[in-house]
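Here are the chains, one letter per residue:
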Amino acid sequence: MEILIPHVADLPVAAAEFVKHIGSRTIFAFHGKMGAGKTTFIKAICRELGVEDVITSPTFAIVNEYTSSITGEPIYHFDFYRIKRIEEVYDMGYEEYFYSGNLCLIEWPELIEDLLPEDAVRVEITEGDDGSRIVRFDV
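How each quantity is defined
- Residues numbered from 1 in each chain as written.
- Predicted model: local features only at pLDDT ≥ 70, side-chain atom pairs only at ≥ 80, totals over all residues.
- Heavy atoms only, no water.
- Pairing = 2+ DSSP bridges.
- Helix = DSSP H or I, 4+ residues; strand = E, 2+ residues; numbered from the N terminus.
- Axes fitted to C-alpha atoms, helices over the stretch in contact; angles between N-to-C directions.
- Contact = heavy atoms within 4.5 Å.
- Buried < 20%, exposed > 50% of the residue type's maximum accessible area, 1.4 Å probe, protein only.

Considering the sheet that holds strand β7 (residues 133–137)
Hydrogen bonding along the main chain pairs the strands of a sheet, whether they run parallel or antiparallel. Pairing is mixed in the open sheet, where seven strands are placed in the order β1-β7-β6-β2-β5-β4-β3. Looking at the sheet topology across the chains shown, the edges are occupied by β1 (2–5) and β3 (63–67). Taking each pair of neighbouring strands and ignoring which way they run, the sheet shows an average axis angle of 20 degrees. With four bridges connecting them, strand β2 (residues 27–31) and strand β6 (residues 121–127) associate as parallel partners. Note that in β6 the partner of His31 across the bridge is Glu124. Packed on one face of the sheet, helix α1 (residues 11–20) meets β1, β2, β6 and β7 and runs near 170 degrees to β1. Packed on one face of the sheet, helix α2 (residues 38–48) meets β1, β2, β3, β4 (74–79), β5 (103–107), β6 and β7 and runs near 165 degrees to β5.

See the structure below:
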């Protein structure tokens, strides 16, 4: 699947399209260069899922937990950019999150690739020459 985001104003529509294709999958690994828009797109997804909390990048916290006002379920937002040792991920109890059955949105998953569940969905965000973004993932 490919979703084109021509401009930041188009994020809500793109997030709604993405959410339509989540299905029963819970682990989404967002790949892209620094500045590609991973955090921005995840914020839009969370808004589409009814998160009313302030949504921020968990760069220093590693994981933020939000609650969907639609389902009442937690949504976990990870950012592994600052991980220096894989032991840090074990220490935070990543398995409790990844295997909870709740939605996990993961930035910088390449740093913990070996720990991702086999059914994790790879989401690739790339920037076009015109500043647009393209989101690609398997449905």
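Brief notes about unusual backbone geometry
Phi is positive for Ile62, which is not a glycine, with a value near 75 degrees. Its location among the elements puts Ile62 in the loop between α2 and β3. Since its relative accessible area comes to 16%, Ile62 is described here as buried. A positive phi angle is found at Trp108, which is not glycine, with a value near 55 degrees. Note that Trp108 resides in the loop between β5 and β6.

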